[in-house]
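Descriptive structure summary
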Amino acid sequence: MRAFPVRLPSGVRYWTVLDDGLVVLAEADAFLRQVRFGRDGSELTSRSYAGGIALFLRWCARTGRHWHVGVEQLGLFITWLRHAGPAASGVDVASGGQVLAGPGVEPVRGARRINGVLAAVRGLVTHAVTTGQAPGRLMPLIYELADERDLPVQARGDDDGRMVWRMRARHRLHEPEPLVDRASDAEIVALLRACRSARDRLVVLLLARAGLRRGELCGLRRSDVHLLLDSRLLGCEVERAHVHVVRRDNPNGAWAKSRRQRWVPLDFLVVQAFDGYEFERLAVPRAGESDFLLVNLFREPVGAAMRPDAINELMSACSRRAGLRRAVRPHQLRHAFGSNLADAGSGLDEIAELLGHAAMSSSQVYLHPDPTRLRDAIDRVPSPRELAGPAR
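Owing to the predicted nature of the structure, the values given are computational and were not obtained by experimental measurement.

Focus: unusual backbone geometry
In this chain, Glu300 is followed by Pro301 through a cis amide linkage whose omega measures -5°. On the secondary structure map, Pro301 appears in the loop between helix H11 (268-282) and helix H12 (308-322). Of note in this structure, Asp40 is not a glycine but carries a positive phi near 60°. Assignment of secondary structure puts Asp40 in the loop between helix H1 (26-38) and helix H2 (43-62). Judged by relative accessible area, Asp40 falls into the partly exposed class, the value being 36%. A positive phi angle is found at Arg240, which is not glycine, with a value near 65°. For Arg240, a relative accessible area of 60% gives the class exposed.

Given below as structure tokens:
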């Protein structure tokens, strides 16, 4: 069992699951097409779900279980996920691969990864039951279900139909509270100094000063950038410099995670970087043929839109030239933007809107102060002697 990419004649891609004979698994493929096209999910979402479903079906096949039976024994599957390394859970496994579990043995997968796999399995089961490809008895095995018998008599429906709804997932591991792995301000300054072009400096600033995801950044079109004080002539009611983040299917694989379009204000530093990049781009005639904001200027194919992977390569190269102890990732610059907003006193709703979070709970991680701020808070508390006044 393996996840496999599928490219449709239109050029749109999604991921599916193949068995050992390289045959598409119908139930998994139907669900993954629903995720990609029915829910307007991204290719990366279908890839993540396909990988989780492939792991589950691989476990079922190697333990001699039909996947319906595997749903009944998800506790064993969770144990396998925790401790089955590549030698036992990979696609190409030598016979006799062992799963080592016990005291002192470090798990090979964390709680967050396992919960992601379980979410994919629950989605597969729910879709299969809904479409009649699996028996309905599987639903109570993955969700705690409730029906109208749990409601007061006055709230129950008619006798003609029975109302049933899901309560919560039965299988979910506790995830430790995540810490924000942000780039420090010193690292951001070092990255800017290590940039060799105006385009690269613009990339760093849009990540660190506008909080864009790399997919959003590479998907920007020149028409998305409004740098005027009044953009009403362009048909935009937003005042001053800003950039619009719009979800599109892009040929370079860039994808905006959020379905909802948003705009992000730009400060003076970013506007200055745009000016420098525009002059640099004008010096490359082939770059003028593309409507994408960020294009290749120094390597072939010149003028083609930058791919999201190129952003990672740029950050790694700049980190190396700056002599940093670690390679700063694009998302760490986004985390720095969110953390700086929180440190400056921005509200949770403001942080969520600027970062494009669908739920404000996703932005709460930035509200946790760092240890330096906690120490400063203690130091600001006056001592009892100061509160008591001079001794008599």
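Some details on the packing of helix H9 (residues 198-209) against helix H13 (residues 330-343)
Packing of H9 against H13 leaves a shortest axis separation of 6 Å and a crossing angle of 45°. Classified by the angle their axes make, H9 and H13 are oblique. Of H13, the residues touching H9 (which contributes Val204, Leu207, Ala208 and Arg209) are Pro330, Leu333, Arg334 and Phe337. Split by residue class, the contact of H9 with H13 holds six nonpolar, no polar and two charged.

Here's the deal with the pattern of salt bridges
Under the definition given, this model contains 22 salt bridges. Two residues, Arg326 and Glu187, come together in a salt bridge whose shortest N-O distance is 2.9 Å. Taken together, the residues Arg326 in the loop between H12 and H13 and Glu187 in helix H8 (residues 185-194) connect sequence positions 139 residues apart. Overall, Glu187 belongs to the buried group, its relative accessible area being 14%. What you see here is one network of salt bridges that share partners, running through Asp181, Glu187, Arg326 and Arg329.

Considerations on the sheet that holds strand S5 (residues 225-226)
Judged by pairing direction, the sheet is antiparallel, and its three strands sit side by side in the order S5-S6-S7 without closing on themselves. What marks the edges here is a single partner per strand, and that holds for S5 and strand S7 (262-265). By the bridge criterion, four bridges tie strand S6 (residues 242-245) to S7 in an arrangement that is antiparallel. Paired with His242 across the bridge in S7 is Pro265.

A closer look at the environment of Leu229
In this structure, Leu229 sits in the loop between S5 and S6. Overall, the relative accessible area of 71% leaves Leu229 in the exposed class. Considering only alpha carbons, one finds Leu229 and Arg240, 11 residues apart in sequence, at a separation of 4.1 Å. Each residue touching Leu229, except ones within four places of it in the same chain, is listed here: Glu239 and Arg240.

Description of the nonpolar core
As a rule of thumb, soluble globular proteins bury nonpolar side chains together. Counting residues in hydrophobic clusters, the biggest one holds 57 residues, and the most contacted among them are Leu206, Leu217, Leu266 and Leu333. Every element with two or more residues in this core is listed here: H8, H9, helix H10 (214-218), S6, H11, H12, H13 and helix H14 (348-355). When neighbours within four sequence positions are excluded, Leu217 is seen to be in contact with Val203, Leu206, Leu207, Leu212, Leu294 and Ile311. If you look at the next biggest cluster of nonpolar residues, it comprises 40 residues, including Ala54, Leu55, Ala134 and Ile142.

A word on empty space enclosed by the protein
Where empty space is left can be seen by rolling a probe of water-molecule size over the atoms. Applying the stated rule across the entire model yields two cavities of 30 Å³ or more. The computed volume of the largest cavity comes to approximately 50 Å³. Along its surface, the largest cavity is lined by Gly215, Glu216, Gly219, Leu220, Asp224, His244, Val245, Val246, Arg248, Asn250 and Ala256. Mapped onto the lining of the largest cavity, the elements with two or more residues apiece are H10 and S6. Its residues assigned to classes, the lining of the largest cavity comprises four nonpolar, four polar and three charged. Looking at the second largest cavity, the residues that line it are Glu216, Val245, Val246, Arg247, Ala256, Ser258, Arg260, Gln261 and Arg262. Looking at the lining of the second largest cavity residue by residue, the classes come out as three nonpolar, two polar and four charged.

Focus on the side chain of Arg247
You can see Arg247 is positioned in the loop between S6 and S7. On the accessibility criterion, Arg247 (17% relative accessible area) is buried. There is a polar contact of 2.6 Å between the side chain of Arg247 and the backbone oxygen of Asp40. Those residues in contact with Arg247, other than ones at most four positions away along the chain, are Asp40, Ser42, Trp255, Ala256, Lys257, Ser258 and Arg259.

Description of the environment of Ala111
Considering the arrangement of structural elements, one finds Ala111 in helix H6 (residues 111-130). Residue class for Ala111 comes out buried when judged on its relative accessible area of 17%. As a C-alpha pair, Ala111 and Arg82 span 29 residues in sequence and 8.3 Å in three-dimensional space. With residues near it in sequence (within four places) discarded, Ala111 still touches Leu173, His174 and Glu175.

Criteria and thresholds
- Sequence order as written defines residue numbering, which begins from 1 separately in each chain.
- Only residues with pLDDT of at least 70 get local features here, since the model is predicted, and only at 80 or more are side-chain atom pairs given and counted; chain-wide, interface and lining totals rely on the full set of residues.
- Only hydrogens and water are removed before side-chain values are computed, so all heavy atoms of the structure are retained for them.
- In this description a helix means any DSSP run of H or I spanning at least four residues, a strand means any run of E spanning at least two, and both kinds are numbered starting from the N terminus.
- Relative accessibility thresholds used throughout: buried, under 20% of the residue-type maximum; exposed, over 50%; partly exposed, between the two (1.4 Å probe, protein chains only).
- Lines fitted to C-alpha atoms define the axes here, with helix axes fitted over just the stretch in contact, and angles between the N-to-C directions of these axes take values from 0 to 180 degrees.
- Between 65 and 115 degrees an angle is taken as roughly perpendicular, under 35 as roughly parallel, over 145 as roughly antiparallel, and anywhere else as oblique.
- Contact between two residues is taken to exist if any of their heavy atoms lie within 4.5 Å; hydrogens are not considered.
- Residues were grouped as follows: Ala, Val, Leu, Ile, Met, Phe, Trp, Tyr, Cys and Pro as nonpolar; Asp, Glu, Lys and Arg as charged; and all remaining residues, including Gly, as polar.
- Each reported salt bridge corresponds to a side-chain nitrogen of Lys or Arg within 4 Å of a carboxyl oxygen of Asp or Glu.
- Criterion used throughout: strands pair if DSSP finds at least two bridges between them.
- Grouping buried Ala, Val, Leu, Ile, Met, Phe, Trp, Tyr and Cys residues that are joined through side-chain atoms within 4.5 Å yields what is termed a nonpolar core.
- With a 1 Å grid laid over protein atoms only, a set of points is called a cavity when a 1.4 Å probe fits there but cannot get out and a pocket when it is open yet has protein on both sides within 12 Å along at least five of seven lines; lining residues have an atom within 4 Å of a point.
- Grid points are joined across faces, edges and corners, and a volume is the space filled by probe spheres set on the points.
- Whenever a nitrogen or oxygen atom comes within 3.5 Å of another N or O atom, the pair is scored as a polar contact, on the condition that within protein one atom can donate a hydrogen and the other can accept it, and that pairs from neighbouring residues in sequence are kept only if both atoms are in side chains.

Everything listed here is a matter of coordinates, which is why it stays silent on function.
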